[in-house]
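Working through the structure, step by step
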Amino acid sequence: ADVPRAIAAAGKATPDFVAAYVDSAEAAADCVAAADAAAPRMVLGSSVDDRGVRTDDAEPTEVGVDVKLLLVPGAGVDISALADVASSPRVVGVVAPSADAAAGFACAVFTPGDGCVVECVKAP
C-alpha cells in the first residue's frame with residue numbers, strides 16, 4: 001500500500017481523523033511518519049508564464065494536510081508496543097479488539113506526548 005498517498009488523499013477530505021489499520025508497531029510508525037510528512041508547511045513556489053519563463057512566487061504558500069490518526073491494530077498486535085507511536089500528536093487514539101471476543105472491543109486512549117495508556121474501556 002502507498003501509505004503517504006493514502007494519508008494525503010484522506011487529509012484532503014478534511015476528516016476529524018483517519019482510521020489506520022495496522023498489522024505491527026512498525027506499520028503504525030510508518031503511518032505516523034506519513035502523516036508527519038504530509039503536515040502543513042509553507043513553501044515558496046513558482047509559476048511559468050505563457051512564454052515559458054519561470055517566476056518565483058512573492059509569498060510562500062501553505063501546502064500539505066493535517067491528518068489525525070486513529071490506530072486500529074490487527075489481531076495479535078500488542079497495544080503496549082504502540083505506546084511510543086501513539087504518543088505522537090498526530091495520533092488521537094488506539095482501538096483494538098479485546099482478547100476475549102465475547103467482551104466486544106477495548107479502547108486504549110493515549111494522551112499525546114506521554115505515551116501511556118490513560119483509560120481502557122470495554123463495550124457492554
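Residues numbered from 1 in each chain as written. Predicted model: local features only at pLDDT ≥ 70, side-chain atom pairs only at ≥ 80, totals over all residues. Heavy atoms only, no water.

1. Re the overall build of the chain
Counting secondary structure elements, the chain contains three helices and nine strands. Going residue by residue from the N terminus, the α and β elements of the chain occur as α-β-α-β-β-β-β-β-α-β-β-β. The burial tally for the chain puts 31% of its 124 residues in the buried class. Of all intrachain contacts in the chain linking residues separated by at least 6 positions in sequence, the fraction that spans at least 24 positions is 48%. On the chain, roughly 7700 Å² of surface is accessible, and the fraction owed to carbon and sulfur atoms is 57%. (Helix = DSSP H or I, 4+ residues; strand = E, 2+ residues; numbered from the N terminus. Buried < 20%, exposed > 50% of the residue type's maximum accessible area, 1.4 Å probe, protein only. Contact = heavy atoms within 4.5 Å. Areas by Shrake-Rupley, 256 points an atom, 1.4 Å probe, with all protein chains shown as cover.)

2. Some thoughts on the pattern of salt bridges
In total, this model carries three salt bridges according to the counting rule given. For the salt bridge of R51 with D49, the shortest nitrogen-to-oxygen distance reads 3.0 Å. Relative accessible area serves as the criterion here: at 67%, R51 is assigned to the exposed category. Judged by its relative accessible area of 28%, D49 is partly exposed. Taking the shortest distance from any N to any O, the salt bridge between R90 and D66 comes out at 2.9 Å. Of this pair, R90 sits in the loop between α3 (83–86) and β7 (91–97) while D66 sits in the loop between β5 (61–63) and β6 (69–73); the two residues are 24 residues apart in sequence, bridging distant segments of the chain. For R90, a relative accessible area of 15% puts it in the buried group. With a relative accessible area of 45%, D66 lands in the partly exposed category. Here the residues in one salt-bridge network are D36, D66 and R90, joined through shared partners. (Salt bridge = Lys/Arg side-chain N within 4 Å of Asp/Glu carboxyl O.)

3. Section: helix α2 (residues 25–37)
With 13 residues, α2 extends 18 Å between its outermost C-alpha atoms, agreeing within 8% with the 18 Å of an ideal straight helix rising 1.5 Å per residue. Along α2, the positions that sit buried rather than exposed are A27, A28, C31, V32, A34 and A35. Projected down its long axis, α2 shows its buried positions confined to an angular sector of 160°, all on one face. Exposed positions of α2 whose direction lies more than 90 degrees from the buried face are E26 and A37. (Expected span 1.5 Å × (residues − 1). Arc of directions from axis to C-beta.)

So far we have only geometry, and geometry alone does not tell us how the molecule works.
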